[in-house]
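For reference, the chains in residue letters:
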Amino acid sequence: EFERFAGIWRQSDDDYWSVKRNLFGRSVSYQDPYKRLTFGADPEKLLSAVSQVNSVIDSGISDASIFFFTFGMAEVFKKKDNGLIAGQKPAYLGGGGSTELDFHASRFVENYENLEQIRAIIKANNPHARLVVTVSPVPLERTFSGNDIVVANMAGKSMLRACLEEFSDNYDDVTYFPAYEIVSMIGESAFERRDLRHVDQKVVSTIMHGFVSAHVQTGKPK
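Below is a short write-up of the structure. (Residues numbered from 1 in each chain as written. Predicted model: local features only at pLDDT ≥ 70, side-chain atom pairs only at ≥ 80, totals over all residues. Heavy atoms only, no water.)

1. Points about the pattern of salt bridges
- Applying the stated criterion to the full structure yields 16 salt bridges.
- Its salt-bridge partner being E1, residue K35 comes within 3.1 Å of it at the nearest N-O pair. Taken together, the residues K35 in the loop between β2 (29–31) and β3 (39–40) and E1 in the segment before α1 (2–5) connect sequence positions 34 residues apart.
- For E1, a relative accessible area of 35% puts it in the partly exposed group.
- For R119, the salt bridge identified is with D173, shortest N-O distance 2.9 Å. Taken as a pair, R119 in helix α3 (residues 108–125) and D173 in the loop between α4 (149–170) and β8 (174–176) lie far apart in primary sequence, 54 residues in all.
- Classification of R119 by relative accessible area gives buried; the value is 18%.
- Here D173 falls in the buried class, since its relative accessible area comes to 10%. (Salt bridge = Lys/Arg side-chain N within 4 Å of Asp/Glu carboxyl O. Helix = DSSP H or I, 4+ residues; strand = E, 2+ residues; numbered from the N terminus. Buried < 20%, exposed > 50% of the residue type's maximum accessible area, 1.4 Å probe, protein only.)

Laid out in structure tokens, this is it:
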């Protein structure tokens, strides 16, 4: 999204997937590859919806003075025709991508380069903007790496955590907030009983209170 905002790439009018999913009273729907579960009844309606979402995203990037990023997984899928990253795994909830995507296990260097690219785009638009970065404490539900799920989850989270440590150390306008560490230290009781993956709302509230206490100035400015 940031590269699109900066004009580094432009989505062509025929860059969509045709999927056999009845969402609009038709046997076929049309899906955007880059935004999760974004469909249209026909290509024109899909492109219109994508354009409207892009407009809102671009306004946010243009107007914001602080950006929050949570990085969750290292496993991604690249489009075979242009190498861009898709917004979901193949066939996610009945969507497309089954034949259009290749699995890609991202590495430290490329993730760090992505972080620097995001920051450069933000700073070019607003030199005074700040970034807050975290690692998602929600573990992987599945892995496409061929490794054990616990091993794959630890490898991905550790790599992303190391990237963010390097990133926040190198730039004074980047703050790392330890939401991942807070949840990890609490342990199993930090998660909802229903799946032991998603963080319990009470813990979320604790994390947010901790962030506000550490980083938000209250009262009237002097």
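From this point, the discussion proceeds with the structure in view.
2. Here we look at the environment of T175
- With respect to the helices and strands, the residue T175 is situated in strand β8.
- Residue class for T175 comes out buried when judged on its relative accessible area of 18%.
- Sequence separation between T175 and V203 is 28 residues, and the spatial gap between their C-alpha atoms is 21 Å.
- Not counting residues up to four positions away in its chain, the partners in contact with T175 are R130, L131, V132, V133 and H215.
- A polar side-chain atom of T175 sits 3.2 Å from a polar atom in the side chain of R130. (Contact = heavy atoms within 4.5 Å. Polar contact = N/O pair within 3.5 Å; in protein donor to acceptor, adjacent residues only side chain to side chain.)

3. Considerations on the side chain of N153
- When you line up the elements, N153 lands in helix α4.
- At a separation of 2.9 Å, a polar atom in the side chain of N153 contacts the main-chain amide nitrogen of L140.
- Beyond its immediate stretch of four places on either side in the chain, N153 contacts P139 and L140.

4. Things to note about the nonpolar core
- Residues F2, F69, I122, V133 and F167 are the most contacted members of the largest nonpolar core, which totals 24 residues.
- Within the residue set of this core, elements represented by two or more residues are β4 (66–71), α3, β7 (130–135), α4 and β8.
- Apart from residues no more than four positions distant in its own chain, F69 is found in contact with F2, I118, I122, L131, V132, V133 and T134.
- Membership of the second largest hydrophobic core comes to 10 residues, among which are V132, F177, A179 and V199. (Core = buried A, V, L, I, M, F, W, Y, C linked by side-chain atoms within 4.5 Å.)

5. Focus on the packing of aromatic side chains
- All chains considered together, the criterion is met by 14 aromatic pairs.
- Ring geometry for F103 versus F144: centroids 6.4 Å apart, planes at 35°, classification tilted. One end of the pair, F103, is in strand β6 (residues 101–105); the other, F144, is in the loop between β7 and α4, and 41 residues separate them in sequence.
- F144 sits in the partly exposed class, given a relative accessible area of 38%.
- Here a set of aromatic residues connected by ring pairs shows up, and it is made of F2, F67, F69 and F71.
- The ring of Y176 carries the charged tip of R161 above its face, separated from the ring centre by 3.8 Å. (Phe/Tyr/Trp six-rings, centres within 6.5 Å; stacked < 30°, edge-to-face > 60°. Lys NZ or Arg CZ within 6 Å of the ring centre and 35° of its normal.)

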